[in-house]
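Reading the structure
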Amino acid sequence: MKPAFFRDFYIRSASAGFLVLCAVSFLLALTIDPEGGVLVIHFTSGDGLDFLGSRMHVLGIVGTGFIIALVNTALSYVWYDRIKFFSYLLTFFNLLVGTLILIAMGVILTVN
């Protein structure tokens, strides 16, 4: 076990930030009415509606982001001693993923 990885300020800050963003996104996804019917997930100006889905599809977006973060965190844990910069890069990429998911939840709720 690498205790230095878990004590690193940047790793802990980025991981805590991602967890907060993921929790807010999950709570936003739970505010969608499960019996509300079809939700607009994706649309374009040229083709119109591309992807319609349910509440489970929206929760799948949050789940996919969480799985991406788990893989990034596992890789940064493995490479922490060898390539510390790459480890930080992967961990801060989790913040970017969390922010984009939060934006997606906001857009889905606004459109519907």
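Residues numbered from 1 in each chain as written. Predicted model: local features only at pLDDT ≥ 70, side-chain atom pairs only at ≥ 80, totals over all residues. Heavy atoms only, no water.

**Notes on the overall build of the chain**
- Check the secondary structure of the chain and you find four helices and two strands.
- By the compact-globule yardstick of 13 Å for 112 residues, the chain is too spread out, its C-alpha radius of gyration being 17 Å.
- With the principal axes as the frame, the chain shows a C-alpha extent of 50 × 30 × 15 Å.
- In the chain, which comprises 112 residues, the share counted as buried stands at 29%. (Helix = DSSP H or I, 4+ residues; strand = E, 2+ residues; numbered from the N terminus. Rg over C-alpha atoms; globule rule 2.2 N^0.38 Å. Buried < 20%, exposed > 50% of the residue type's maximum accessible area, 1.4 Å probe, protein only.)

**Some remarks on a nonpolar patch on the surface**
- The grouping of Val38, Phe43, Leu49, Leu52, Ile68, Phe93, Leu96, Leu100, Ile103, Val107 and Val111 at the surface amounts to a nonpolar patch, some 990 Å² of accessible area in total.
- At six residues, helix H4 (residues 84–111) tops the list of elements feeding residues into the nonpolar patch.
- One can find leucine 49 in strand S2 (residues 48–53). (Patch = residues over 30% accessible without salt bridge, like charges linked within 9 Å, V, L, I, M, F, W, Y side chains within 5 Å. Areas by Shrake-Rupley, 256 points an atom, 1.4 Å probe, with all protein chains shown as cover. Salt bridge = Lys/Arg side-chain N within 4 Å of Asp/Glu carboxyl O.)

**Notes on the side chain of serine 87**
- Position of serine 87 among the secondary structure elements: in helix H4.
- Engagement of the side chain of serine 87 in a polar contact is seen with the backbone oxygen of serine 76, the distance being 2.9 Å.
- With near-sequence residues (within four places) excluded, serine 87 lies in contact with Phe5, Ile11, Ser76, Trp79 and Tyr80. (Polar contact = N/O pair within 3.5 Å; in protein donor to acceptor, adjacent residues only side chain to side chain. Contact = heavy atoms within 4.5 Å.)

**Here's the deal with the packing of helix H2 (residues 9–30) against helix H3 (residues 55–78)**
- At a closest axis distance of 9 Å, the pairing of H2 and H3 adopts a crossing angle of 170 degrees. With respect to H3, the element H2 is oriented roughly antiparallel. Across the interface between the two elements, Phe18, Leu19, Cys22, Ser25, Phe26, Ala29 and Leu30 of H2 pack against Arg55, Val58, Leu59, Val62, Gly65, Phe66 and Ala69 of H3. (Axes fitted to C-alpha atoms, helices over the stretch in contact; angles between N-to-C directions. Parallel < 35°, antiparallel > 145°, perpendicular 65-115°, else oblique.)

**Notes on H3**
- The terminal C-alpha atoms of H3 lie 35 Å apart, and with 24 residues this matches the ideal 34 Å at 1.5 Å per residue to within 8%.
- Taken as a whole, H3 has its buried residues at Val58, Leu59, Val62, Gly65, Ala69, Asn72 and Ser76.
- Where H3 is buried, its residues meet helix H1 (3–7), H2, strand S1 (39–44) and H4. (Expected span 1.5 Å × (residues − 1).)

**Quick notes on the nonpolar core**
- Core analysis: the largest hydrophobic core is formed by 14 residues, its most contacted members being Val58 and Met105.
- Beyond its immediate chain neighbours, meaning those up to four positions away, valine 58 contacts Ala29, Ile32, Leu39, Ile41, Met105 and Ile108. (Core = buried A, V, L, I, M, F, W, Y, C linked by side-chain atoms within 4.5 Å.)

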